[in-house]
Every structure is written in structure tokens, then in C-alpha cells.
Amino acid sequence: MGLKNIIKKSVVGGLTGLLMSSCVPKDNNNSNTSNYNKPNVIVIIPDDLGWADVGYNGSHIETPNIDKLAEEGVRFNNFVVHPWCSPTRAEFYTGHFPGSWAYRTPNFNGMEGTGIPEGEYTIAERFRDAGYSTALIGKWHMGTQPEFHPNEHGFDYFYGHLGGYIGFYIKKAIDGNHDWWKNKEEIYNSRYATNLLGEEASRYIRERDKSKPFFMTLAFNAPHFPQQAPEDVIEKYRNSTFCRFFSNRCGYMAQVDVMDQEIGLVLDTLDDEGIRENTLTMFFSDNGGSNAFGGYNSPFPGEKGEILKGGVQVAAFANWPGVINSGIISDQRIHTSDLFATLEAAVGLRIRAPAHESTNMWPQFNGGARISRNPALLENLASDTAREFYDSGNTSRLWRGVLTDNWRLTISNYEGVCNINLFDVNDPLERDNMSLVHPEVVDELIDELQKLEKGLKNDISHWNKKNGVCLEN
Ligand SMILES: [Ca+2]
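Residues numbered from 1 in each chain as written. Predicted model: local features only at pLDDT ≥ 70, side-chain atom pairs only at ≥ 80, totals over all residues.

Asks: Looking at this structure, I do not really get the pairing of strand 4 (residues 133–139). What am I missing?
Replies: Regular strands have side chains that alternate between both faces of the sheet. Taking burial as the measure, the seven residues of strand 4 include seven buried ones, the bulk of the element. Summarising the sheet, strand 4 and strand 8 (residues 214–219) pair through six bridges and their orientation is parallel. Directly across from Ile137, in strand 8, lies its bridge partner Leu218. In the sheet, strand 4 pairs with strand 5 (residues 157–161) via five bridges, with the strands oriented parallel. Note on strand 5: the bridge partner recorded for Gly138 is Gly160. (Buried ≥ 20, exposed ≤ 12 C-beta atoms within 10 Å, placed from the backbone. Helix = DSSP H or I, 4+ residues; strand = E, 2+ residues; numbered from the N terminus. Pairing = 2+ DSSP bridges.)

Okay, structure coming up:
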């Protein structure tokens, strides 16, 4: 495949090892009897949070708890996700790249009959098998049918919603179906969802089985649309520039503010329980912010649904007092799939994450030397339903691309026009398209792209009929 064929339709090293090996317990053959001192793990996943929507990245939104947690730990400047919710979450839960199995598209509104397949070993099952209590508090988005339920995929406890989004008070999805659960029991509560999730996480920690450590995913549905938030919090931001000119931004800012308050509640609970220093906290957004709904990814181009930096490089950090040093900023490229192996290593478990797809990045959490990464497939294969819903321009484009240690190649098709961008990763704002300067790199990366796509499920042949895929396959 060559460039000429592209346009089809139109145009911490040593310290880490020493520190961490002394702090983490051994695997103990996964028995439940010796786990009292194993570290707890909390993974906080906001939904559609923009790069620039946290205080430590320059936001005007007040996020003191997030900022403190980030600044007293390691901040990741090259944490790579998928531009949509479900594929990123699938990477986290299974340690597989997007495309290894079903999730190359969003599980839009839970109507597509997809979810984590039976037999797929999840990170929740891994921690449960190692003697942990496991809890998902918040959004699942890995399938709504019974066989896809979080209780069937490693979570002892589930509180939250199964689909992609809900009204924050009414707890209904856009199709009108109520979606709020405690395990498999439908429950009704009209209070603000973010408050409920923070309070539930706090309650879970206080009332935990103290004979076990816990692994908790706290997946806020904030600041995903609809941009609903308590009026008094919205009022705080009423006079901010963005809020005055763009009403969705007012609610969005308040959504993030409340989420930060609830994260503060969880941290206070860890302190009250005396387990803060025995708890690793990881934080990452599942995709970039959506401009139409108030998200802000400045200074990077791109947004949710796009594979430019703003869509797939997200605010992310980890904190573990006494184990992860304060004030580290890491440029290491980390994929969401890496968290499986990394969190296993962090707490001293034998690594069972998928080899080659999930790389142990634990040394990099304390400033370990940067390591070379395999190329990452980037894509937005949004389903027709999702594209129609998001039909607001860039987000509804089809995107394919590759990210390597040196380059980002993006190929997009919107209304029959193919665009090819090649950015040097040392061009942080992605201003200089080098595709015509380095056509040989474009050719090389297209070969790499097609190699990565080969054999993946959810083939893309149907695109040819509707939108074209810009490449001759
Ligand atoms: Ca999302």
C-alpha cells in the first residue's frame, strides 16, 4: 500500500525497584488468608473529562482534591485512550487493545448486544482471585444484558448504571429506560448521581470486609452529558467567560466541581480509616472532552471521537503516599490496556494480564526510564447510530490511525473527503502536518495500520459502502 493509493474517493529505574519491592507484598499463591496488608486499589474514571478541565492543567474549574492528588503523585502526559467510552473501558477491564475482540465501537445505549465475552478474564476477576473484595461504583457500559453484568465479570459489588449515560437525577437513559442498580436489584433515588456515587464509595470503604483489601473502580458518569448539576454549584461559575457564552459549559464546570468534592469525600474516608498510605489511587478520563457538551482539551487539537491528541490523550495520574514520589511528571506513553499488568505488579501479584498487549508500567510510576512502545491502533469506528447522534462534524468522522514512539498518523473521512495528517510526536500541539514532507513515513505507517487491523473483529468493510475508508484494502 502506498501513498499514491490512499485517496480513494476524493482528496524510576533503580529507585523504583528498591522502593517498590520493599513495599509490596508477595502474591501468596492467591490465598485469602494473608492479604490483610495488601494495598487497596481505587481506579477513578471520569467520563468525557477534557484534558484542560482539571485545575492542575490550567482549568478555572475548582478541583482542589484532584489537583492535590495529582501533584503529590505521578502525572502522565502521554496516557493514551480510545476516543469513545466502551473501547477504553474494555481495554482497562481486559488488558486487550481495542479490536482484539468486539469493542471497536461504543456500546451505544446498550442496544448493540455486545459486552465482555464469557471467558474473558477481567482485572476485577484477577483481583478477586487474589483475595480482594471488588466493587464497581458508577458506570459500566460493558453491556446491559444479564450475561454482561458486572457481577458476572468479577465485581462482588455493583452500584450504578449499566448503560452509557443517564439523567443525573431521573436515572434514565435517552431511550427512557430506568438504569440505576445495586447489584442486580433496580433501585430508585432521585438525588444527584455524582453525590450518590461518592457517598456510596465512601460507605463501601467504611463498611468493607476488613479481612481483605479492596479493588474499587469508581466510574463517575460526570461530566458526560446531560450537563446537569446542582444550581448552587452552577451559580459559582455563572460569570466565568465560557459559561457566559456557552451554556453547556456552566453545567459542565459544575459537574466537574461536584465530582472533585466527592473525590475529596473518598480521600477523607481513606484518611479516617487510616488506610490512605495503603491505597493506590489511579485516575484517568475514558476519552477526551466533547466540545459540544462543554469539554475543553486545550491546547491540543481534537475532541471526543477523534484520534487527534485532544480525543485520546487524557488527564491521568496515580497517587500512593510513601510509595509513589510526589511531583513526578511522566512522558512515558501508557495505554489503558497497560493498567492490568501495571496494577498487578503494583500490589505484588503475579502478572496474568495479556502478554504483548498489557505492559507492566509500574517502574514508570516512579520516574523509571522511558521505554519504547509498540505502535498503537487509533480509530473511531462509531456505529451508524452513534454517528447520527453525534453528527456535529468532526466527532462523526471515521478515523483510522497509528501512534508510534515518533509519529501520529491520522486518516479521516468526512462527507467523502479524506484527510491525512502526520504529526511528529515532538510537535506537541500538532500544528505541522508532515504527510507531504515525509510520504515514506506515511507509507510505512499505513502498512503498520493495516497490519494492526488485520484479523480484528468487527471488520470495516461496510464502511466502503457508506463513507469510504480512504485506503484501498
Ligand atoms: Ca466517555
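From this point, the discussion proceeds with the structure in view.
Asks: In this structure, what is going on with the sheet that holds strand 9 (residues 279–284)? I would like to understand it.
Replies: If you walk across this open sheet you meet the 10 strands as 7-6-5-4-8-1-9-10-2-11, and the pairing is mixed. Each of the sheet's edge strands pairs with one partner strand only, and the pair in question is strand 7 (185–186) and strand 11 (328–330). Docked against the sheet, helix 2 (residues 64–71) engages strand 2 (74–76), strand 9 and strand 10 (316–319), running at close to 70° with respect to strand 10. (Contact = placed C-beta atoms within 7 Å. Axes fitted to C-alpha atoms, helices over the stretch in contact; angles between N-to-C directions.)

Asks: What am I meant to see in the packing of helix 2 against helix 8 (residues 247–272) here?
Replies: Between two packed helices, both the angle of their axes relative to each other and the distance between the axes serve to describe the pair. Packing of helix 2 against helix 8 leaves a shortest axis separation of 7 Å and a crossing angle of 60°. Our classification of the angle between helix 2 and helix 8 gives oblique. Residue-level inspection shows Pro64, Asn65 and Ile66 of helix 2 in contact with helix 8, the latter providing Asp260, Ile263, Gly264 and Leu267. Across the contact of helix 2 with helix 8, the residue classes break down as four nonpolar, two polar and one charged. (Parallel < 35°, antiparallel > 145°, perpendicular 65-115°, else oblique. Nonpolar A, V, L, I, M, F, W, Y, C, P; charged D, E, K, R; others polar.)

Asks: How should I be thinking about helix 2 in this particular structure?
Replies: The α-helix advances 3.6 residues per turn, and as a result positions three or four apart in sequence lie on the same side. Listed as buried for helix 2 are Ile66, Leu69 and Ala70. The arc enclosing the buried residues of helix 2, seen along the axis, measures out at 95°, which places them on a common side. Close packing links the buried residues of helix 2 with strand 2, helix 8, strand 9 and strand 10. (Arc of directions from axis to C-beta.)

Asks: Just checking my understanding: could you explain the pairing of strand 1 (residues 40–44) for this structure?
Replies: For strand 1, a buried count of five out of five residues is recorded, marking the element as mostly surrounded by other parts of the structure. The alternating pattern of strand 1 places Asn40, Ile42 and Ile44 and Val41 and Val43 on opposite faces, both of which are buried. With five bridges joining them, strand 1 and strand 9 adopt parallel strand pairing. Paired with Ile42 across the two strands is Thr281, which belongs to strand 9.

Asks: Hey, could you run me through helix 5 (residues 193–206) in this one?
Replies: Its 14 residues give helix 5 an end-to-end C-alpha distance of 20 Å, which sits within 8% of 20 Å, the value for a rise of 1.5 Å per residue. Considered for burial, the residues of helix 5 that qualify are Ala193, Thr194, Leu196, Leu197, Gly198, Glu200, Ala201, Ser202 and Ile205. Buried residues along helix 5 sit against strand 4, strand 5, strand 8 and helix 8. (Expected span 1.5 Å × (residues − 1).)

Asks: Quick question: what am I supposed to make of the packing of helix 5 against helix 8 here?
Replies: Viewed as axis vectors pointing N to C, helix 5 and helix 8 meet at an angle of 10°, and their least axial separation amounts to 9 Å. Here helix 5 lies roughly parallel to helix 8, going by the angle between them. Residue-level inspection shows Thr194, Asn195, Leu197, Gly198, Ala201, Ser202, Ile205 and Arg206 of helix 5 in contact with helix 8, the latter providing Gln255, Val258, Met259, Glu262, Leu265, Val266, Thr269 and Leu270. Partitioning the contact of helix 5 with helix 8 into residue classes produces eight nonpolar, six polar and two charged.

Asks: Sorry if this is basic, but what is going on with unusual backbone geometry here?
Replies: Comment: phi is negative for the bulk of residues other than glycine, and the bulk of peptide bonds are trans. Between Phe225 and the following residue, Pro226, the backbone shows a cis peptide bond with an omega angle of 0°. With omega at 10°, the peptide bond leading from Ser298 into Pro299 counts as cis. On the secondary structure map, Pro299 appears in the loop between strand 9 and helix 9 (309–312). Even without a glycine there, the phi angle at His141 is positive, about 65°. Its place among the elements puts His141 in the loop between strand 4 and strand 5. You will see that Asn183, though not glycine, has its phi angle at about 50°, which is positive.

Asks: What am I meant to see in the confidence of the model for the protein chain here?
Replies: The predicted coordinates of low-pLDDT regions are not to be read in fine detail. Mean pLDDT over the protein chain stands at 86; residues scoring 70 or higher make up 81%. For residues 1–26, every residue scores under 50 in pLDDT, and the model assigns this stretch 52 contacts once sequence neighbours within four places are set aside. Ignoring residues within four places in sequence, the model shows residues 391–395, a span with pLDDT below 50, making 11 contacts including any to other chains. (pLDDT = per-residue confidence, 0-100.)

Asks: Is there a simple way to explain the environment of Asp179 in this structure?
Replies: Examined against the element boundaries, Asp179 turns out to sit in the loop between strand 5 and strand 6 (181–182). For Asp179, a count of 22 C-beta atoms within 10 Å corresponds to the buried category. Residues Asp179 and Gly164 lie 15 residues apart in sequence; the distance between their C-alpha atoms is 9.9 Å. Ignoring sequence-local partners within four residues, the contact set of Asp179 consists of His161, Leu162, Gly163, Ile166, Lys171, Lys172 and Ala173.

Asks: Just checking my understanding: could you explain the environment of Asn297 for this structure?
Replies: On the secondary structure map, Asn297 appears in the loop between strand 9 and helix 9. In this structure the C-alpha to C-alpha distance between Asn297 and Asp53, which are 244 residues apart in sequence, comes to 7.4 Å. Setting aside chain neighbours within four positions, we find Asn297 in contact with Gly50, Trp51, Ala52, Gly288, Gly289, Gly302, Glu303 and Gly310.

Asks: So what exactly am I meant to see when it comes to the environment of Asn189 here?
Replies: Tracing the backbone shows Asn189 in the loop between strand 7 and helix 5. The class of Asn189 is exposed, set by 12 C-beta atoms lying within 10 Å. Residues Asn189 and Ile170 lie 19 residues apart in sequence; the distance between their C-alpha atoms is 7.9 Å. Apart from the residues within four sequence positions on either side, Asn189 is in contact with Trp180 and Leu196.

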